[in-house]
Amino acid sequence: MTISDTIARIKEDGWAVIEGIIPDDAVGGVRDSIIATVEEARSASDPEENRLVRGSLINKNQSFAPYLSDPRIVKVAEALWGRHVKITITTPVVLFPGGHPQGFHSDWPFNQKHAVVIEAPYPDTPHGHIYALGFYA
């Protein structure tokens, strides 16, 4: 899929998948490293919760950092949000077996409980997150 195709898909569907960001021969190592970091954090939290939010994963695990600046991600982000786009959060939410997913909700800047928000009705322009990685344990 080209950069233009990806941008069109995001504008039409609200999401797109960019395949191959992490090379096939590196996926297993990155996945295992992140799972180990998450398991370590889980052992220090309430195991009955079956859900873990690990703030600032990049501060605890750098295995995925080199892939965040893949030109395909950067070009799409710049096309949607301008050349000063920045990575601002790397927080995974991990749902373990028996856990319960969050209900439908909005995150900043759309969550009206924060001090700085985009007021509803929301403008018809792309806002939101780029999820560079996705793993299933």
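On a predicted model such as this, the values are computed, not experimentally measured, just so you know.

**A word on the overall build of the protein chain**
For step 1, the next point in the chain: Along the backbone of the protein chain there are 4 helices and 2 strands.
For step 2, the next point in the chain: Taken from N to C terminus, the helices and strands of the protein chain fall in the order α-α-β-α-α-β.
For step 3, the next point in the chain: Looking at the 137 residues of the protein chain, the share that counts as buried comes to 22%.
For step 4, the next point in the chain: Partitioning the contacts of the protein chain with sequence separation of at least 6, the portion at a separation of at least 24 is 66%.
For step 5, the next point in the chain: With an accessible surface of roughly 10,000 Å², the protein chain has 54% of that area assigned to carbon and sulfur atoms.

**Re the pattern of salt bridges**
For step 1, the next point in the chain: Inspection of the entire model under this criterion finds 3 salt bridges.
For step 2, the next point in the chain: Among the ionic pairs, Arg9 bridges to Asp13, the shortest N-O distance being 3.3 Å. In this pair, Arg9 and Asp13 are both assigned in helix α1 (residues 3-13), 4 residues apart and thus about one turn of the helix distant.
For step 3, the next point in the chain: Its relative accessible area of 35% is what places Arg9 among the partly exposed residues.
For step 4, the next point in the chain: By relative accessible area, which is 41% here, Asp13 ends up partly exposed.
For step 5, the next point in the chain: A salt bridge links Asp70 to Arg72, with the shortest nitrogen-to-oxygen separation between them at 2.8 Å.
For step 6, the next point in the chain: Residue classification places Arg72 among the partly exposed positions, given a relative accessible area of 30%.

**Focus on the side chain of Asp70**
For step 1, the next point in the chain: Tracing the backbone shows Asp70 in the loop between α3 (57-60) and α4 (71-81).
For step 2, the next point in the chain: Engagement of the side chain of Asp70 in a polar contact is seen with the backbone nitrogen of Arg72, the distance being 2.8 Å.

**Examining the packing of α1 against α4**
For step 1, the next point in the chain: Contact pair α1 / α4: the axes reach a minimum separation of 10 Å and the direction vectors enclose 50°. When the axis of α1 is compared with that of α4, the two are oblique. Here α1 and α4 pass one another in a crossing that is right-handed. The residues of α4 that touch α1, namely those facing Ile3, Thr6, Ile7, Ile10 and Lys11, are Arg72, Lys75, Val76, Ala79 and Leu80.

**Side note on the nonpolar core**
For step 1, the next point in the chain: By size, the foremost hydrophobic cluster in this structure holds 13 residues, and its most contacted members are Ile22, Val30, Ile34, Val38, Phe64 and Tyr67.
For step 2, the next point in the chain: For this core, the leading source of residues is helix α2 (residues 24-43), giving 4 residues.

**Regarding the confidence of the model for the protein chain**
For step 1, the next point in the chain: On average, residues of the protein chain carry a pLDDT of 77, and 71% of them reach 70 or more.
For step 2, the next point in the chain: Mean pLDDT in the protein chain bottoms out at strand β1 (residues 51-53), which sits at 65, and peaks at α1, which reaches 91.
For step 3, the next point in the chain: Predicted confidence for residues 131-137 stays below pLDDT 50, and this span has 13 contacts to residues more than four positions away or in other chains.

**Considerations on the environment of Asn61**
For step 1, the next point in the chain: Mapped onto the elements, Asn61 comes out in the loop between α3 and α4.
For step 2, the next point in the chain: With relative accessibility at 4%, the residue Asn61 sits in the buried group.
For step 3, the next point in the chain: For the pair Asn61 and Ile34, spaced 27 residues apart in the sequence, the C-alpha separation amounts to 6.8 Å.
For step 4, the next point in the chain: Not counting the four nearest positions on each side in its chain, Asn61 is found in contact with Ser33, Ile34 and Thr37.

Reading the values: the criteria
- Residues numbered from 1 in each chain as written.
- Predicted model: local features only at pLDDT ≥ 70, side-chain atom pairs only at ≥ 80, totals over all residues.
- Heavy atoms only, no water.
- Helix = DSSP H or I, 4+ residues; strand = E, 2+ residues; numbered from the N terminus.
- Buried < 20%, exposed > 50% of the residue type's maximum accessible area, 1.4 Å probe, protein only.
- Contact = heavy atoms within 4.5 Å.
- Areas by Shrake-Rupley, 256 points an atom, 1.4 Å probe, with all protein chains shown as cover.
- Salt bridge = Lys/Arg side-chain N within 4 Å of Asp/Glu carboxyl O.
- Polar contact = N/O pair within 3.5 Å; in protein donor to acceptor, adjacent residues only side chain to side chain.
- Axes fitted to C-alpha atoms, helices over the stretch in contact; angles between N-to-C directions.
- Parallel < 35°, antiparallel > 145°, perpendicular 65-115°, else oblique.
- Left-handed = near helix turned anticlockwise from the far one by under 90°.
- Core = buried A, V, L, I, M, F, W, Y, C linked by side-chain atoms within 4.5 Å.
- pLDDT = per-residue confidence, 0-100.

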